[in-house]
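Residues per chain, in single letters:
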Amino acid sequence: MTALACQNLFARAATDFNDAPVGLMQVVLGGADAGAQLVADRRLPLISATGSCRMGALVGPEVARRFGRSLLELGGNNAMIVTGSADLGLAVRAILFSAVGTAGQRCTSLRRLIVHNSIAEELTGALKSAYAAIPIGDPLADGTLVGPLIDGAAYQAMQDALAAAAAESGAVTGGERLLHQEYPGAYYVRPAIAEMPGQTDVVRAETFAPILYIMGYDDLDAAIQMHNDVAQGLASSIFTNDMREAEAFLAASGCDCGIANVNIGPSGAEIGGEKETGGGRESGSDAWKAYMRRATNTINYSTDLPLAQGIRFEV
């Protein structure tokens, strides 16, 4: 609906220009078949695709096969490291917004929390209390912070992930369906916390739902290694009041994501990621470059013919 609204706004604005080409902007509604046609069409020099890593693995090679360009914004398994020196009050608020905002259905949603063992019990307890007080319901109602999952398939994927977490020795809090009597066709859930013994297989897989996996650490280098040990590389953050810890995280040998924040959560503008996130930049200062075609121009105003690299070519 947002896309259609933008289309209508553009069409209205275009009427102010008598020479605006007809059909300059188009919205195509459809499923995978429509997407496949766009991806394969040689008339489209650039395909910008936002979606899952699986989708990117299909789109990228197909566009490259016709020597087109692709701009891919794919999945994110975003983590936050909370060190022993962190401001816990600030961290709790950031975690809550990043992990449960938009019901965990955002590329930059917080999914993994890596906490220093000295504060893990205190922070986890504070988060459980905060989770229990989150207003869940109709997103159009005043005061609601968490709305529904997009559909039944998303709900089932969340339940499957929580079952896998429990099977991998995780302690799960929350995750149950809510308001199904009032809204039988909608899938409201209580955001879930899964306290994990380590970074297991289910933790490494992105589930597009409000699940926060919590893991402990003792050594910052080990925490950064755990942070980087996933296929995706979109958004990340560290909460610390130690400048050396912050610099270690931001250094080339630290976080390997496209977005690296200090004392602010990862959820925000999808500026672009690395690794299986696709490397594309849809936002930020460099985003426009992906939509431009570069050209180098040389104009010779003389009657001589200068040759490249000073070559002499006498006829």
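One can find the structure itself at the top, above this paragraph.
This is a predicted model, so every value here is computed, not measured.

Rules and cut-offs
- Residues numbered from 1 in each chain as written.
- Predicted model: local features only at pLDDT ≥ 70, side-chain atom pairs only at ≥ 80, totals over all residues.
- Heavy atoms only, no water.
- Helix = DSSP H or I, 4+ residues; strand = E, 2+ residues; numbered from the N terminus.
- Contact = heavy atoms within 4.5 Å.
- Areas by Shrake-Rupley, 256 points an atom, 1.4 Å probe, with all protein chains shown as cover.
- Lys, Arg positive; Asp, Glu negative; His and termini not counted.
- Charge placed at Lys NZ, Arg CZ, Asp CG, Glu CD.
- Polar contact = N/O pair within 3.5 Å; in protein donor to acceptor, adjacent residues only side chain to side chain.
- Salt bridge = Lys/Arg side-chain N within 4 Å of Asp/Glu carboxyl O.
- Buried < 20%, exposed > 50% of the residue type's maximum accessible area, 1.4 Å probe, protein only.
- Axes fitted to C-alpha atoms, helices over the stretch in contact; angles between N-to-C directions.
- Parallel < 35°, antiparallel > 145°, perpendicular 65-115°, else oblique.
- Left-handed = near helix turned anticlockwise from the far one by under 90°.
- Phe/Tyr/Trp six-rings, centres within 6.5 Å; stacked < 30°, edge-to-face > 60°.
- Lys NZ or Arg CZ within 6 Å of the ring centre and 35° of its normal.
- Expected span 1.5 Å × (residues − 1).
- Arc of directions from axis to C-beta.

Trainee: Just to check I follow, could you spell out the overall build of the chain for this structure?
Mentor: A count of helices and strands for the chain gives 9 helices and 13 strands. Seen along its three principal axes, the alpha-carbon backbone of the chain occupies a region of about 85 × 50 × 35 Å. Intrachain contacts of the chain at a sequence separation of at least 6 include 64% that bridge at least 24 residues. Roughly 18,000 Å² of accessible area belongs to the chain as shown, and the carbon and sulfur atoms make up 56% of that amount. Charge-centre separation for the chain: the mean point of 22 positive side chains lies 8 Å from the mean point of 34 negative side chains.

Trainee: I tried to follow the side chain of T240 on my own but got confused; where do I start?
Mentor: Along the chain, the position of T240 falls in the loop between β11 (235–239) and α9 (243–250). Separated by 2.9 Å, the side chain of T240 and the backbone nitrogen of D242 make a polar contact. A polar side-chain atom of T240 sits 2.4 Å from a polar atom in the side chain of E245.

Trainee: I tried to follow the pattern of salt bridges on my own but got confused; where do I start?
Mentor: If the charged atoms of two oppositely charged side chains come close together, the side chains can form a pair. Applying the stated rule across the entire model yields 10 salt bridges. For E62, the salt bridge is made with R65, and the minimal N-O distance between the two is 2.5 Å. Here the residue E62 and the residue R65 both occupy positions in helix α3 (residues 53–65), the gap between them amounting to 3 residues, near one helical turn. E62 sits in the partly exposed class, given a relative accessible area of 29%. Taking the shortest distance from any N to any O, the salt bridge between R190 and E176 comes out at 2.8 Å. With R190 in the loop between β7 (188–189) and β8 (192–195) and E176 in the loop between β5 (171–173) and β6 (177–178), this pair connects stretches of sequence that are 14 residues apart. With relative accessibility at 26%, the residue R190 sits in the partly exposed group.

Trainee: Would you take a moment to explain the packing of helix α4 (residues 88–100) against helix α5 (residues 120–132) for this structure?
Mentor: Relative orientation and spacing of two packed helices are given, respectively, by the angle between their axes and the distance between those axes. Following both chains from N to C, one finds α4 and α5 inclined at 50°, their axes separated by 10 Å at the closest point. Classified by the interaxial angle, the pair formed by α4 and α5 is oblique. In this structure, the crossing between α4 and α5 has a hand that is right-handed. The segment α4 lies against α5, with L88, V92, I95, L96, A99 and V100 engaging E122, L123, A126, L127, A130 and Y131.

Trainee: Where do I start with the environment of R42 in this structure?
Mentor: You can see R42 is positioned in the loop between α2 (32–40) and β1 (46–50). Once the C-alpha coordinates of R42 and L58 are considered, the two residues, 16 residues apart in sequence, prove to be 16 Å apart.

Trainee: Sorry, what's going on with the packing of aromatic side chains here?
Mentor: Here the distance between the centres and the angle between the planes together describe a pair of aromatic rings. In this structure the tally under the stated criterion is 2 aromatic pairs. Aromatic side chains Y183 and Y188 sit 5.2 Å apart centroid to centroid with 45° between the ring planes, which places their arrangement in the tilted category. According to the relative accessible area criterion, Y188 is buried, its value standing at 5%. For the cation-ring pair, R177 lies above Y155, with the distance from its terminal atom to the ring centre recorded as 6.0 Å.

Trainee: Sorry if this is basic, but what is going on with helix α6 (residues 152–167) here?
Mentor: For an α-helix, the turn length of 3.6 residues means that residues three or four places apart are oriented alike. Taking 1.5 Å as the rise per residue, α6 with 16 residues should run 22 Å; its terminal C-alpha atoms sit 23 Å apart, in good agreement. Inspection of α6 places A154, Y155, M158, A161, L162 and A165 among the buried residues, and these make up the whole buried set. The buried residues of α6 occupy an angular sector of 125° when projected down its axis, which confines them to one face. With respect to the buried face of α6, the exposed residues turned more than 90 degrees away are A153 and A167. Lining the buried residues of α6 we find β5, β6, β7, β8, α7 (201–204) and β9 (211–217). Sitting at the head of α6, D151 places a side-chain oxygen 3.2 Å from the backbone nitrogen of A153. Directly beyond the C-terminal end of α6, a positive phi value near 70° is found at S169.

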